[in-house]
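Geometric and topological summary
Chain by chain, the residues run as shown.
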Amino acid sequence: MSYEKVLQAQRIVIGTKQTVKALKEGLVKELVVANDADTSVTAKIINEALGSDVPVLYVDSKKKLGKACGIEVGAATVAIIR
């Protein structure tokens, strides 16, 4: 599952602003998006990823995604860096 990819990734970027920046710089290998995140937050990032031919993976929980990143709060998006 995608949580495993996040756990195994050597470099990740957590959060929407940092993810958009990494996408624009062409650093993102895969994007992980929580299904329970607000679509007004994730829509721009998903569109940016699709426009850059970056695969978008979905997980069911922001809380679990945050935990996989080693943070105490939920994470709407996580970019796995090349």
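Since the structure is predicted, the reported quantities are computational estimates derived from the model, not experimental observations. (Residues numbered from 1 in each chain as written. Predicted model: local features only at pLDDT ≥ 70, side-chain atom pairs only at ≥ 80, totals over all residues. Heavy atoms only, no water.)

1. As for the overall build of the protein chain
Along the protein chain, the regular secondary structure elements total four helices and four strands. When the helices and strands of the protein chain are listed from N to C terminus, the series reads α-β-α-β-α-β-α-β. What you see for the protein chain is a C-alpha radius of gyration of 11 Å, in line with the 12 Å of a compact globule of 82 residues. C-alpha atoms of the protein chain, sized along the principal axes, occupy 30 × 30 × 20 Å. Out of the 82 residues in the protein chain, the part that is buried amounts to 43%. Sequence separation of 24 or more characterises 77% of the internal contacts of the protein chain that already satisfy a separation of 6 or more. Total accessible area computed for the protein chain in this model is approximately 4,900 Å², and 50% of it derives from carbon and sulfur atoms. Within the protein chain, one finds 12 positive and 9 negative side-chain charges whose respective centroids are separated by 4 Å. (Helix = DSSP H or I, 4+ residues; strand = E, 2+ residues; numbered from the N terminus. Rg over C-alpha atoms; globule rule 2.2 N^0.38 Å. Buried < 20%, exposed > 50% of the residue type's maximum accessible area, 1.4 Å probe, protein only. Contact = heavy atoms within 4.5 Å. Areas by Shrake-Rupley, 256 points an atom, 1.4 Å probe, with all protein chains shown as cover. Lys, Arg positive; Asp, Glu negative; His and termini not counted. Charge placed at Lys NZ, Arg CZ, Asp CG, Glu CD.)

2. Let's talk about the environment of L23
Topologically, L23 is positioned in helix 2 (residues 16-24). Its relative accessible area of 5% is what places L23 among the buried residues. Not counting the four nearest positions on each side in its chain, L23 is found in contact with V28, I45, E48, A49, S52 and V54.

3. Some words on the packing of helix 2 against helix 3 (residues 39-51)
Where helix 2 contacts helix 3, the two axes come as close as 10 Å, and the packing angle between them is 15°. When the axes of helix 2 and helix 3 are compared, the pair comes out roughly parallel. The handedness of the crossing between helix 2 and helix 3 is left-handed. Between helix 2 and helix 3, the residues in contact are T16, T19, V20, L23 and K24 and V41, I45, E48 and A49, respectively. Residue classes in the contact of helix 2 with helix 3 are distributed as five nonpolar, two polar and two charged. (Axes fitted to C-alpha atoms, helices over the stretch in contact; angles between N-to-C directions. Parallel < 35°, antiparallel > 145°, perpendicular 65-115°, else oblique. Left-handed = near helix turned anticlockwise from the far one by under 90°. Nonpolar A, V, L, I, M, F, W, Y, C, P; charged D, E, K, R; others polar.)

4. Points about the confidence of the model for the protein chain
For the protein chain, the mean per-residue pLDDT works out to 94, and 99% of the residues sit at or above 70. Averaged over each element, pLDDT in the protein chain is lowest for helix 1 (residues 2-8) (90) and highest for strand 2 (residues 28-34) (97). (pLDDT = per-residue confidence, 0-100.)

5. Here's the deal with the environment of K21
Looking at where K21 falls in the secondary structure, it is placed in helix 2. With twelve residues separating them along the chain, K21 and V33 place their C-alpha atoms 16 Å apart.

6. Side note on the sheet that holds strand 3 (residues 56-59)
Strand order in the open sheet made by the four strands is 1-4-2-3, with mixed pairing throughout. Single-partner strands in this sheet number two, and they are strand 1 (12-14) and strand 3. Each neighbouring strand pair of the sheet contributes to a mean axis angle of 20°, computed without reference to strand direction. Summarising the sheet, strand 1 and strand 4 (residues 77-81) pair through three bridges and their orientation is antiparallel. Bridge pairing in strand 4 links V13 to A79. Taken strand by strand, helix 3 contacts strand 2, strand 3 and strand 4, and its axis lies near 150° from that of strand 2. Helix 4 (residues 62-69) rests against strand 1, strand 2, strand 3 and strand 4 of the sheet, and its axis sits at about 140° to strand 2. (Pairing = 2+ DSSP bridges.)

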